[in-house]
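Residues per chain, in single letters:
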Amino acid sequence: MTVTPFAGFIQPDPSLRARPFGELHTLLDIPILSGHRADLTQFSFGDPAFRSLVSAIKVQDGFEDQCTAKYYYDMFSIATDTIDQVDRLVEVGVYMGGSAVILAGVIANTQQELVLIDINERCLLFSYERMIRSFPSVADRVRLFHGDLPTYVRDVLLPEQVAKRILVQLDGSHVFQEVIRDLGTLSFVQDRLHGIMAQDTHLRGMPQGARFIDAALFGVFGGEFEYLAIGSVYNQFQEELLKPNRYGGNYFLAGKPEGMYLPMSHNRFEYPHPDIAIDDFFW
């Protein structure tokens, strides 16, 4: 496994603001693969706060979403319900900004911070543009970290003089060992960790991909951890979703949730051992 070297915080690219959003994915060489768009309006009718957020979203083309609308709505609900208990939202793995724009809407009228983390600098710049065009008021409270979660924990969270309470949206690497690495390093800031939302817990794929996010959660938090199921659950009749697809042979499990929310008030780290240091997660 190759560990991404520390790169640190980067600044948004002001030259992108003048370009039509529909051109940005080509300009930044981020391919639109499936073209999936989450229909957020289906969850806005019964929730005035979510309806207000959805109506504020101005960008409507030039991207794809990697989560279902149900996942985005559940993520919104969790973040909204806990926003008074946290100081910072941390999103790991931004791709084309589907989650980022929702989280930006959550903090649009609050004082919380949002940190976006990705190993792909272009995805960070793209996601920033997608959310800032709808929620410009968050501009001075959003930071872009070019790197991975373990590096952010080691080089930013641990040295911070003022402890920030954090809520994590985890949708980075899906490889089992790397998810263990992400989760394991969060144990070093567990006193500040309010909760973890993990996406794609129903995902499987080809053997070399080792896509077992739910198994990594069990490995780190033990076999009886408590979680709230979030996102969509597919049934046995959605056959096309349950078979390996053309995107690397990925497929989904029937009857399993798209995501899990682990409140740390009800869970504890079973891994790593106290004698294991954070530097042991870098090799």
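Residues numbered from 1 in each chain as written. Predicted model: local features only at pLDDT ≥ 70, side-chain atom pairs only at ≥ 80, totals over all residues. Heavy atoms only, no water.

### A few points about the packing of helix 3 (residues 69-82) against helix 4 (residues 98-106)
Turning to step 1, where the next piece is worked out: Orientation of helix 3 relative to helix 4, taken along the N-to-C sense of each, is 30 degrees, at an axis distance of 10 Å. When the axes of helix 3 and helix 4 are compared, the crossing they make is right-handed. Along the contact surface, helix 3 presents Tyr 72, Met 75, Phe 76, Ala 79 and Thr 80, while helix 4 presents Gly 98, Ser 99, Ile 102, Leu 103 and Val 106. (Axes fitted to C-alpha atoms, helices over the stretch in contact; angles between N-to-C directions. Helix = DSSP H or I, 4+ residues; strand = E, 2+ residues; numbered from the N terminus. Left-handed = near helix turned anticlockwise from the far one by under 90°. Contact = heavy atoms within 4.5 Å.)

### Observations regarding empty space enclosed by the protein
Sizing a probe to match a water molecule and rolling it over the atoms shows the empty space that remains.
Turning to step 1, where the next piece is worked out: Taken as a whole and judged by the stated rule, the model has 1 cavity of 30 Å³ or more.
Turning to step 2, where the next piece is worked out: One number sums up the size of the largest cavity: a volume of about 40 Å³.
Turning to step 3, where the next piece is worked out: Surrounding the largest cavity, Leu 170, Asp 171, Gly 172, Ser 173, His 174, Val 179, Gln 199 and Ile 213 form its lining. (1 Å grid on protein atoms, 1.4 Å probe; cavity = no way out; pocket = protein on both sides within 12 Å on 5 of 7 lines; lining within 4 Å. Points joined across faces, edges and corners; volume = space filled by probe spheres on them.)

### Thoughts on the pattern of salt bridges
Turning to step 1, where the next piece is worked out: In the structure shown here, the tally under the stated rule is 16 salt bridges.
Turning to step 2, where the next piece is worked out: With a closest N to O distance of 2.9 Å, Asp 65 and Arg 130 form a salt bridge. With Asp 65 in the loop between helix 2 (48-56) and helix 3 and Arg 130 in helix 5 (residues 121-132), this pair connects stretches of sequence that are 65 residues apart. An identical accessibility class is assigned to Asp 65 and Arg 130; each is buried. (Salt bridge = Lys/Arg side-chain N within 4 Å of Asp/Glu carboxyl O. Buried < 20%, exposed > 50% of the residue type's maximum accessible area, 1.4 Å probe, protein only.)

### Some remarks on the nonpolar core
Turning to step 1, where the next piece is worked out: Membership of the largest hydrophobic core comes to 53 residues, with the highest contact counts inside it found for Leu 40, Ile 102, Leu 116 and Met 131.
Turning to step 2, where the next piece is worked out: The set of elements that each furnish at least two residues to this core consists of helix 1 (21-27), helix 2, helix 3, helix 4, strand 3 (113-118), helix 5 and strand 4 (142-146).
Turning to step 3, where the next piece is worked out: Broken down by element, the residue count for this core peaks at 8 residues, all from helix 3.
Turning to step 4, where the next piece is worked out: Beyond its immediate chain neighbours, meaning those up to four positions away, Ile 102 contacts Leu 40, Phe 50, Leu 53, Tyr 72, Met 75 and Phe 76. (Core = buried A, V, L, I, M, F, W, Y, C linked by side-chain atoms within 4.5 Å.)

### Some points on the packing of aromatic side chains
Turning to step 1, where the next piece is worked out: All told, the structure shown has 15 aromatic pairs when counted by the stated rule.
Turning to step 2, where the next piece is worked out: Geometrically, the ring pair formed by Phe 9 and Phe 145 is edge-to-face, given 5.2 Å between the ring centres and 80 degrees between the ring planes. With Phe 9 in strand 1 (residues 8-10) and Phe 145 in strand 4, this residue pair connects regions lying 136 residues apart in the sequence.
Turning to step 3, where the next piece is worked out: Measuring from ring centre to ring centre gives 5.4 Å for Phe 43 and Tyr 73, while their planes differ by 10 degrees; the resulting arrangement is stacked. Separated by 30 residues along the polypeptide, Phe 43 in the loop between helix 1 and helix 2 and Tyr 73 in helix 3 bring together distant segments of the chain.
Turning to step 4, where the next piece is worked out: Put simply, the rings of Phe 218, Phe 221, Phe 225, Tyr 227 and Phe 269 pair up and form one aromatic cluster.
Turning to step 5, where the next piece is worked out: Here the basic side chain of Arg 143 rests over the ring of Phe 9, its NZ or CZ set 3.6 Å away from the ring centre.
Turning to step 6, where the next piece is worked out: A cation sits over an aromatic face here: Arg 154 above Phe 282, 4.0 Å from the ring centre. (Phe/Tyr/Trp six-rings, centres within 6.5 Å; stacked < 30°, edge-to-face > 60°. Lys NZ or Arg CZ within 6 Å of the ring centre and 35° of its normal.)

### Points about the sheet that holds strand 1
Turning to step 1, where the next piece is worked out: Taken in spatial order, the 8 strands line up as 1-4-3-2-5-6-10-8 in an open sheet, and their pairing is mixed. One side of each edge strand has no neighbouring strand; the edge strands of this open sheet are strand 1 and strand 8 (228-233). With direction set aside, neighbouring strand axes in the sheet form an average angle of 20 degrees.
Turning to step 2, where the next piece is worked out: Two elements, strand 5 (residues 166-170) and strand 6 (residues 193-199), share 5 bridges in a ladder whose sense is parallel. When the bridges of strand 6 are listed, Leu 167 appears paired with Gly 195.
Turning to step 3, where the next piece is worked out: The strands touched by helix 6 (residues 149-157) within the sheet are strand 1, strand 2 (88-92), strand 3, strand 4 and strand 5, with strand 2 carrying the most contacts at an inclination of about 145 degrees. (Pairing = 2+ DSSP bridges.)

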